[in-house]
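Coordinate inspection notes
Here is what each chain is made of, one letter per residue.
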Amino acid sequence: MENLIGLLVLAPLLGAGILLCGGRALDRVGHWLGTLLAAVSFALGAVLFADMLGRDAEDRALDVTVFQWVPVGGFRADVGFHLDQLSMTFVLLITGVGTLIHLYSVGYMEHDERRRRFFGYLNLFLAAMLLLVVADNYLLLYVGWEGVGLASYLLIGFWQHKPSAATAAKKAFLVNRVGDVGLSIAIMLMFTTFGTFAFDPVLGDADRAGEGKLTAIGLMLLLAACGKSAQVPLQSWLGDAMEGPTPVSALIHAATMVTAGVYLITRSGAIFEGAPDAQLAVVTVGAVTLLFGAIVGCAKDDIKKALAGSTMSQIGYMVLAAGLGPIGYVFAIMHLVTHGFFKAGLFLGAGSVMHGMNDEVDMRRYGGLWRYMPVTFVTFGLGYLAIIGFPGLSGFFSKDKIIEAAFAKGGTEGWILGGTALLGAAITAYYMTRVMIMTFFGEKRWAPAPSPDRPSAEPAAEKHGDGTHGAGELPHPHESPKSMTIPMILLAVGSVFAGGLFTLNDTFLKWLEPVTGHEEGDSPVSALTVTGATMAVLVVGVALAWAQYGRKPVPVTPPRGSLLTRAARRDLLQDDFNHIVLVRGGEQLTRGLEAIDRTVVDGAVNGTAVTVGGLSGRMRRLQNGYARSYAVSMFGGAAVLIAATLLMRAV
Amino acid sequence: MSFPLLTATAAVPAAGAVLTAAVPAAKREAAKWLALLFALATLGLAAVQLARFDPDGKTFQLTESHAWIADFGVRYELGVDGIGVVLVALTALLVPFVLLAGWHDAEPLETAAADRRWRPTQGFFALILMVEAMVVISFEATDVFLFYVFFEAMLIPMYFLIGGFGDRTGEPADAGEAAARRSRAAVKFLLYNLAGGLVMLAAVVGLYAVTADQLGAGTFSLQEIVQARSSGDLKFATVTERALFLGFFFAFAVKAPLWPLHTWLPGAMGEATAPVAVLITAVVDKVGTFAMLRFCLQLFPGASKWATPVIIALALVSILYGALLAVAQRDIKRLIAYASISHFGFIILGVFAMTTQGQGGATLYMVNHGISTAALMLVAGFLISRRGSRLIADYGGVQKVAPVLAGTFLIGGLATLSLPGLAPFVSEFLVLVGTFTRYPVAGAIATVGIVLAALYVLVLYQRTMTGPVKESVRGMPDLRARELVVVTPLIALLLFLGVYPKPVTRILDPAVEHTMSQVHKTDPRPDVRVSTAEGAK
Amino acid sequence: MNPVSYLYLSALLFTIGGVGVLVRRNAIVVFMCVELMLNACNLAFVTFSRMHGNLDGQIIAFFTMVVAAAEVVVGLAIIVSVYRARHSASVDDASLLKL
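Notes on the structure in this doc start here. (Residues numbered from 1 in each chain as written. Chains lettered and ligands numbered in written order. Predicted model: local features only at pLDDT ≥ 70, side-chain atom pairs only at ≥ 80, totals over all residues. Heavy atoms only, no water.)

1. As for the overall build of chain B
On a plain count of helices and strands, chain B comes out with 20 helices and two strands. For chain B, the C-alpha radius of gyration of 23 Å lies close to 24 Å, the compact-globule estimate for 537 residues. Principal axes of the C-alpha set define a box for chain B whose edges measure 70 × 55 × 40 Å. Buried residues in chain B amount to 64% of all 537 residues. Pairs at least 24 residues apart make up 82% of the contacts formed inside chain B by residues separated by at least 6 positions. Total accessible area on chain B stands at roughly 17800 Å², and carbon and sulfur atoms take up 65% of it. One way to put it: in chain B the 40 positive side-chain charges average out to a point 5 Å from where the 36 negative ones average out. (Helix = DSSP H or I, 4+ residues; strand = E, 2+ residues; numbered from the N terminus. Rg over C-alpha atoms; globule rule 2.2 N^0.38 Å. Buried < 20%, exposed > 50% of the residue type's maximum accessible area, 1.4 Å probe, protein only. Contact = heavy atoms within 4.5 Å. Areas by Shrake-Rupley, 256 points an atom, 1.4 Å probe, with all protein chains shown as cover. Lys, Arg positive; Asp, Glu negative; His and termini not counted. Charge placed at Lys NZ, Arg CZ, Asp CG, Glu CD.)

2. Brief notes about unusual backbone geometry
The phi torsion of most residues other than glycine is negative, and most of the peptide bonds are trans. The linkage connecting Ala256(B) with the following residue, Pro257(B), adopts the cis geometry, with an omega of -15°. Positionally, Pro257(B) belongs in the loop between α9 (238–255) and α10 (264–271). The peptide bond linking Trp259(B) to Pro260(B) adopts the cis configuration, its omega dihedral lying at 0°. Within the fold, Pro260(B) resides in the loop between α9 and α10. Non-glycine residue Ala230(A) carries a positive phi angle of around 55°. Positionally, Ala230(A) belongs in the loop between α8 (211–229) and α9 (236–240). Even without a glycine there, the phi angle at Asp506(A) is positive, about 55°. With respect to the helices and strands, the residue Asp506(A) is situated in the loop between α20 (482–503) and α21 (507–516). The class for Asp506(A) is partly exposed, based on a relative accessible area of 35%.

3. Thoughts on the interface of chain A and chain C
One frequently used descriptor of interface size is the decrease in accessible area upon assembly of the parts. With 10 residues of chain A at the interface, the matching set in chain C holds 15 residues. Summed over both sides, the interface of chain A with chain C buries roughly 1000 Å², with 66% coming from carbon and sulfur. At the boundary of chain A and chain C, one finds zero salt bridges. Ranked by the residues each element gives to the side of chain A that touches chain C, the list is headed by helix α25 (residues 627–650) of chain A, at five residues. (Buried area = accessible area lost by both parts, 1.4 Å probe. Salt bridge = Lys/Arg side-chain N within 4 Å of Asp/Glu carboxyl O.)

4. Quick look at the interface of chain B and chain A
If you look at the interface, chain B gives 66 residues, while chain A gives 61 residues. Of the roughly 5500 Å² buried where chain B meets chain A, counting both sides, 67% is carbon and sulfur surface. If you look at where chain B meets chain A, you find two salt bridges. In this structure, Lys188(B) and Asp602(A) form a salt bridge, with 2.7 Å as the shortest nitrogen-oxygen distance. Considering every element that reaches the side of chain B that touches chain A, the biggest residue donor is helix α18 (residues 440–465) of chain B, with 10 residues.

5. Topic: the pattern of salt bridges
Counted according to the given criterion, the structure contains 26 salt bridges over all chains. Residue Asp27(A) pairs with Arg116(A) through a salt bridge whose shortest N-O separation is 2.8 Å. Highlighted residues: Asp27(A) in the loop between α1 (2–21) and α2 (30–53) and Arg116(A) in helix α4 (residues 115–134), separated in sequence by 89 residues. With relative accessibility at 11%, the residue Arg116(A) sits in the buried group. The shortest N-O distance in the salt bridge between Asp205(A) and Arg208(A) comes to 3.2 Å. By relative accessible area, which is 11% here, Asp205(A) ends up buried. Connected through salt bridges with shared partners, the residues Glu177(B), Arg181(B), Glu271(B), Asp331(B) and Arg390(B) form a single ionic network.

6. Some remarks on the nonpolar core
Nonpolar side chains tend to gather and get buried jointly when the protein is soluble and globular. One finds Phe248(B), Phe252(B) and Phe352(B) to be the most contacted residues of the largest nonpolar core, which totals 413 residues. For this core, the element with the most residues is helix α11 (residues 274–299) of chain B, which contributes 18 residues. Beyond its immediate sequence surroundings of up to four residues, Phe252(B) is in contact with Phe147(B), Phe151(B), Met200(B), Gly288(B), Ala291(B), Met292(B), Phe295(B) and Cys296(B). Listed in part, the nine residues of the second largest apolar core include Val30(C), Phe31(C), Cys33(C) and Met37(C). (Core = buried A, V, L, I, M, F, W, Y, C linked by side-chain atoms within 4.5 Å.)

Put into structure tokens, the structure is as follows:
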């Protein structure tokens, strides 16, 4: 059984290798090969899952060491896997959603000449992400961590001929690298503290280390999580990452990769529990991001960017829950899974809409689409109901639990966190309703197809369809092909039922508890009150959005808006800050350094050369060619020698 | 007496150089194949060395020793430890690729083709083999004087390689100016390194004086000196030891190069052809860092510890400074040169962190940096040869017209930014961990280099490979068969050593332990002894 | 007569020769002054030989004469050829002995 874990990772890796090195011969079957290998990985995951269910709750973890990776002195990193319930949850989510999105991409990328490579990158992503969650030590986790970063870079920049895509890809990788520095310093701290960085000994002995060390490790892990999961202050890359093809946004930037930070924090629970200050930092980051993402989501007119803001916000919920400690871990992961379903579904729906609308992404140019795309409408609508927490759907159960847990934190902190989470729920309802209304309801505000050069256009637009809609023609919305709708339907089913299924008999709680532990917090407010409050804010949010966008027509050109709206459109000025401080400042710095290198460092060397040269030029003047003056110097020299000799004799 | 394997490994390329140089002007192609043959033979001998080397055996193996200048105690003494044998193998491995990559770099001009005395191709290949021979013997020498002779002598062929052969320029009119720039760069390279070498010569003479004074007979033998020092027969006065250490270190810091002695490198690498640039940074410069480990630390452990804080600070400056300047470069080759300065900072940091991980990482870094820079630089060279310009701004959208070239370039770049899964990650992380355990602040500062590395690599990739296809790169051919033969094995090696570096660390480890014991340093112990750390995992 | 007087004469002759070499421009005169200095040295050698009762100084004097003769042969030949080429025997005209 243990060997299957290796195969789980190896299958998509093999696919990536074959597809990327295979050459044009594979163009015709490459996408199916990639999908097949993703499915194989899912099947292996399912087998492992079945096997795991067959064992006792305490005895479910599988460990296997494949080989020694880096043995140097006391430093030992192994390639080894650890599959427990937590990893298993992720494996199923990654391979399951991953396979569906592979399938969706077959249709979505049909007209792209580089489809084979796209599937190669997708497979590479799956392999790295699986490695991340099944690694049994932090260094191997780091490999997966950077591996998904690479795959994300390649996929965001998949349409490399668009400068905006290439820039977004670079930005994503760089911001992630800043987070990665956190992870690497955390690993180094673990090594100096524990002499190892394998999960088992580090987490097992965490309580024996000093609180200062644990806090430092915890904060560094949080920095890593912020980078990967787009949490404030490292969130700026996620919005730009929407330059990638939509399936990528669904898989990587909604369902799986961006949740890696939550995995990291949950996995390292033992460390955070020994470091209350670090935990406080985690919940603060979660709470701030939750509002930040939600506010940004309210102002964006680009459907994908609105969803990206929403993703940020939802992950904020998860980070918040994970920062609460044992009362929140299980719900963080539960929300993560349900979010994986509905957010992937929403993104795929958005992709389907764009597919039918000449790759228009501006929601102000949609409207009234429910009639033309029934399947997309229904699946997107179910996802919408799930995310706002409509009673009975997935999001309702998972988000409600998080809000409860936030209150249960206790004290003033509990009230602040709970209040923030509730406020977030209201804003979520508002912006998602806004997206829903602007896209599917109201009057048609369709506009001629954007020219393919426009940065927002997805270049699949150039080719797809029957070639009738070039630039300048009105779109003919149509339902997407089966390969795209089937994954959407399956994800919609997940968005509807997953939450209920998990909560029934506390199935999910019992499943994860042996790994993450669980405590019932004692909340100052009863569960029923929380649910009631959630419902209330939900209604308020939806009503507000309907009042603003449903009752009166949506203007095609965005109104100027309040100061907050304008700031939110610009990602709350984070990018401007980055641009002025980091980009400009960095440019000045490097340019200044280059000047210093030329003038001072190299100047010192060249200066020495010039001085020596000048000096020898002067000396040369002494040689004037007159025999008489040479004779003088000879006489002078002789006189000095004699004088010296006499002097020495005298002394 | 057994077969002198170490001598043979150096003698074969030297003989190859002489024979290649003697090939008549008309038989250019034959000269190339001859040179390649000899380079491959050297590779074979290096492989035999590796096979015969026993990691658990004595420190120095396959030793040879003959009297040379008896009056001054100079001996012809060769021997390899784990670090030496691996670096010899790296050199022997890279040179055939350098030759293949530079296959067409030294064709005679049309106008001069008739002149039978003019044989640039033969000269180019012969000089490269000559450098190889000298580098190999530098890695093998255990006599300080013998090392010094070849450490300096390799400047001569390098000078001609840098000054004599350059990139094809786009406009023939620029050729004269390019030649003048090249010549300046070569002179700068030579003067810089000669200055370092002269200081070292003074220290070598000083070392002789001390040994002659205290041991009765002066000696240059590394092993004898180290032994005498550990047995107490030889004691350096503190000031003498520090002065001698600085003399040696200065020469190696110029060669490595360490900030602020680095300014010769960008010029030399920028003006030389890509294969020669690889030869500089991946092979010749490694002698500098190698010699720090072998001579500075082993001969003068006390002074090494004394100088450590300053050297670590300089190494940190190198890391950040090199990376920041790489970001600002407009010239592809100069960018890679500054990146190398950053990487040499990491190597020196690891060497002087004085931990097993740091030094193990640094030695592994030498190997990995050699391979990754070779991959990146050679692909950059292929790119430059297609367009005749080194300026980043002259490229754009290459990915669309030459996807394989762009892909290999990206992999080379990713290796340069130490992506996990590729070889440099392992060594860079080891260096960082090794530094961090002793100097947490320095380790943390060095990690900033990771971010900057990503910045300069991705900026370079974005500007040259992505975006709309520029008119100037339209119709650019993709990698040819010869170029693929060069790049593919390097990339395969990067992947292999990234996933399974054990074959190399297995050989390096005992040598590093030995060096550590010479310096009397042990690794800092972790705060919490984890009970299960050793046995279970 | 006190042999020391010869030493004074020798020093005087040497000084005259030295000043002549430094201030005169005509190559022939410079040459003669050099000869004067050589002969001043000879005089000093012979005087010392006499003073110390040792013949070594006189033998050296013979060596000096032979060297001086050889020098005259080569030097005059050079001066003559320079004069032919430049129609001048001034040492300042032949100022090419520099970088």
